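Report on the structure
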Amino acid sequence: MNYYSLNRKAPNTNFETAVIKGLAPDRGLYFPEKITALPSAFYKNIDSKSYSEIAFEAIKQFICPEIPEHLLKTIIEDTLSFDFPIVNLDENISTLELFHGPTMAFKDVGARFMARCLGYFNQNNNNDITVLVATSGDTGGAVANGFLGVKGVNVVILYPSGKVSNIQEKQLTTLGQNITALEVDGVFDDCQDMVKKAFLDSTITSTMQLTSANSINVARWLPQLFYFMFTYKQLHQQHENIVFSIPSGNFGNICAGMIAQQLGLPVKHFIAANNANNVVTEYLKTEEYHPKPSVQTISNAMDVGNPSNFIRIKEIYKNDFDQLRSNLSSYSYTDNETKSALLEMYKRYNYVADPHGAIGYLGCKDYLKTHHNAHCVFLETAHPTKFLDVVEDVIDTKVDLPPQIQAVMHQEKVALQISNYEQLKTFLLQSVSKT
Ligand SMILES: *Cc1c(COP(=O)(O)O)cnc(C)c1O
């Protein structure tokens, strides 16, 4: 499959180059040249297919022939080595739990898939690829874990000091090997800006092959469409009007859901559930798009002031605002509303959610007020123990630490402190001269 740049000033390229480059030379995000809906038989027979079969059929048009089909099957089977259960809360609301992977956030799927693609493309290459990634919390751990030990790939993770949870920090600073953590004196947007700057810096790009593992990378972004297909498989017999409420930050996950819809998946509507970082909520109200500096919240993986994938969403709906608005609603919630939702779910359903899932739940509730016959699935994007302080405080109960989390809690943090772009640049250039 070929990809074009959404800035339209760079040549089209194939999947391999899109993955290795991350961002097009004109700084545009890559977008698939063609999206072909799957035959209706695919959806009719979905009950008889395994998750791996569903994932393979849904994604192969975007990946092959750059990765041969039989290898794509293996990559998918390796990637999907854990569960995606749906928990039914009541007649109108369910949650899809995306936190059963190694770092207990939904980003595990994209990170594992991308690591395996990159490992395949770089297997016969003598020069290492450097994955440079900014994280607002969960990307770092998922990428570190997904790429750990992949030959020919070094990973450099930037995270905002003091703005990720203790567990998140442990997950990205304790692995060692080919993973380096840089602790940035700043907020997530500073990290993201530094990463973007490095990609444009010819001193760096002429000496090393850099790529991103944020959801701007097509190999991290696209596999997220699986979640929506898996939900349909589990729910289509009970519910006709399936609506998804997606806790959104960079809007990669929700945008992958919209690709699933383009592939013919019957989705009635999408809800972008936001915290106080409400650029998109405001856009849908006013038709004016004003990126803002991010503000810190208790759902920190969504503290994004300028969501990088929103441009892909506009492309899907061909920049037609009315069409976009008929498919997408957006609501924004404060930290206090988020905490009340956590408590309400605990009391009403005996369900312990995390702050991001709680915002998804609130999105469902608001949408259902005017759409009584819909069934709303909110994505539970992280395990509650990743945000232990907030969750335990709100529900006033101890939550057990799952084994994946226990394993990192006692490891020692190793991170390099940086506070500006020049320090990142020096680090990157030194890392090449060492090898
Ligand atoms: C990354 C993340 C999000 C936001 O996902 P986007 O694809 O960036 O919109 C939401 N919740 C959690 C727990 C996350 O880690």
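As a reminder, the structure under discussion sits directly above these lines.
Overview of the structure. All figures in this text were calculated on a predicted structure; none of them were measured in a lab.

Here we take up the overall build of the chain. Each helix and strand counted, the chain has 20 helices and 14 strands in total. Here the chain has a C-alpha radius of gyration of 20 Å; the compact-globule value for 435 residues is 22 Å, and the two agree. Its C-alpha atoms put the chain at 60 × 50 × 45 Å along the principal axes. In the chain, which comprises 435 residues, the proportion classed as buried is 61%. Pairs at least 24 residues apart make up 76% of the contacts formed inside the chain by residues separated by at least 6 positions. In the form shown here, the chain has an accessible surface area of approximately 17000 Å², with 47% of it arising from carbon and sulfur atoms. Within the chain, the 45 negative side-chain charges are centred at a point lying 4 Å from the centre of the 36 positive side-chain charges.

Before going further, it helps to spend a moment on the side chain of histidine 375. With respect to the helices and strands, the residue histidine 375 is situated in strand β13 (residues 375–380). Taking relative accessible area as the criterion, histidine 375 reaches 1% and is therefore assigned buried. Of the polar contacts made by the side chain of histidine 375, one reaches the side chain of serine 94; its length is 2.7 Å. Within the structure, histidine 375 has its side chain in polar contact with the side chain of histidine 239 (distance 3.4 Å). Sequence-distant contacts of histidine 375, that is, excluding residues within four places in its chain, are made with Asn88, Asp90, Glu91, Asn92, Ile93, Ser94, Leu235, His239, Asn241, Ile242 and Val243.

All right, on to the environment of valine 143 then. The residue valine 143 is located in helix α6 (residues 138–147) in this model. Here the alpha-carbon distance between valine 143 and serine 94, two residues 49 residues apart in the chain, equals 28 Å. When sequence neighbours within four positions are dropped, the list of residues in contact with valine 143 reads Ala111, Val133, Val155 and Ala213.

A few words on unusual backbone geometry. A negative phi angle characterises most non-glycine residues, just as the trans form characterises most peptide bonds. With an omega dihedral of 10°, the bond running from cysteine 64 to proline 65 counts as a cis peptide bond. Secondary-structure assignment places proline 65 in the loop between α3 (51–63) and α4 (69–79). One non-glycine residue, methionine 104, adopts positive backbone phi at about 65°. Of note, methionine 104 is situated in the loop between β5 (93–97) and α5 (107–121).

Not every one of the 15 residues close to the ligand is listed here, only the nearest: Lys107, Asp138, Gly249, Asn250 and Thr381. Between asparagine 250 and the ligand, the recorded distance is 2.8 Å, taken from a backbone N or O atom to an oxygen atom. Between the ligand and phenylalanine 251 there is a distance of 2.8 Å, counted from an oxygen atom to a backbone nitrogen or oxygen. Alone, the ligand offers 380 Å² of accessible surface; in the complex the protein occludes 98% of this. In this structure the site holding the ligand corresponds to the largest cavity. Taken together, the residues of the shell around the ligand break down into six nonpolar, seven polar and two charged.

On to the packing of aromatic side chains. Counted by the stated rule, this structure contains 27 aromatic pairs. Of the aromatic side chains, those joined through ring pairs into one cluster are Tyr51, Phe82, Phe84, Phe106, Phe113, Phe226, Tyr227, Phe228, Phe230, Phe244 and Phe270. Above the plane of the ring of phenylalanine 56 lies lysine 73, whose end atom (NZ or CZ) is 4.8 Å from the centre. Across from the ring centre of tyrosine 289, 5.3 Å away, lies the NZ or CZ of lysine 314, which sits over that ring.

Applying the stated criterion across every chain, the model contains four cavities of 30 Å³ or more. In this structure, the largest cavity encloses a volume near 260 Å³. Together, 24 residues line the largest cavity, and Phe106, Lys107, Gly249, Asn250 and Ala301 are the ones closest to its centre. Listing elements by their share of the lining of the largest cavity, those giving two or more residues are α6 and α12 (252–262). Considered class by class, the residues forming the lining of the largest cavity number nine nonpolar, twelve polar and three charged. In this structure, the second largest cavity spans a volume of roughly 50 Å³. What lines the second largest cavity is simply Gln192, Val195, Lys196, Asn214, Ile216 and Ser308. Its residues assigned to classes, the lining of the second largest cavity comprises two nonpolar, three polar and one charged.

Cut-offs and rules
- Residues numbered from 1 in each chain as written.
- Predicted model: local features only at pLDDT ≥ 70, side-chain atom pairs only at ≥ 80, totals over all residues.
- Heavy atoms only, no water.
- Helix = DSSP H or I, 4+ residues; strand = E, 2+ residues; numbered from the N terminus.
- Rg over C-alpha atoms; globule rule 2.2 N^0.38 Å.
- Buried < 20%, exposed > 50% of the residue type's maximum accessible area, 1.4 Å probe, protein only.
- Contact = heavy atoms within 4.5 Å.
- Areas by Shrake-Rupley, 256 points an atom, 1.4 Å probe, with all protein chains shown as cover.
- Lys, Arg positive; Asp, Glu negative; His and termini not counted.
- Charge placed at Lys NZ, Arg CZ, Asp CG, Glu CD.
- Polar contact = N/O pair within 3.5 Å; in protein donor to acceptor, adjacent residues only side chain to side chain.
- Near = heavy atom within 4 Å.
- 1 Å grid on protein atoms, 1.4 Å probe; cavity = no way out; pocket = protein on both sides within 12 Å on 5 of 7 lines; lining within 4 Å.
- Sits in = over half its atoms within 2 Å of the grid points.
- Nonpolar A, V, L, I, M, F, W, Y, C, P; charged D, E, K, R; others polar.
- Phe/Tyr/Trp six-rings, centres within 6.5 Å; stacked < 30°, edge-to-face > 60°.
- Lys NZ or Arg CZ within 6 Å of the ring centre and 35° of its normal.
- Points joined across faces, edges and corners; volume = space filled by probe spheres on them.

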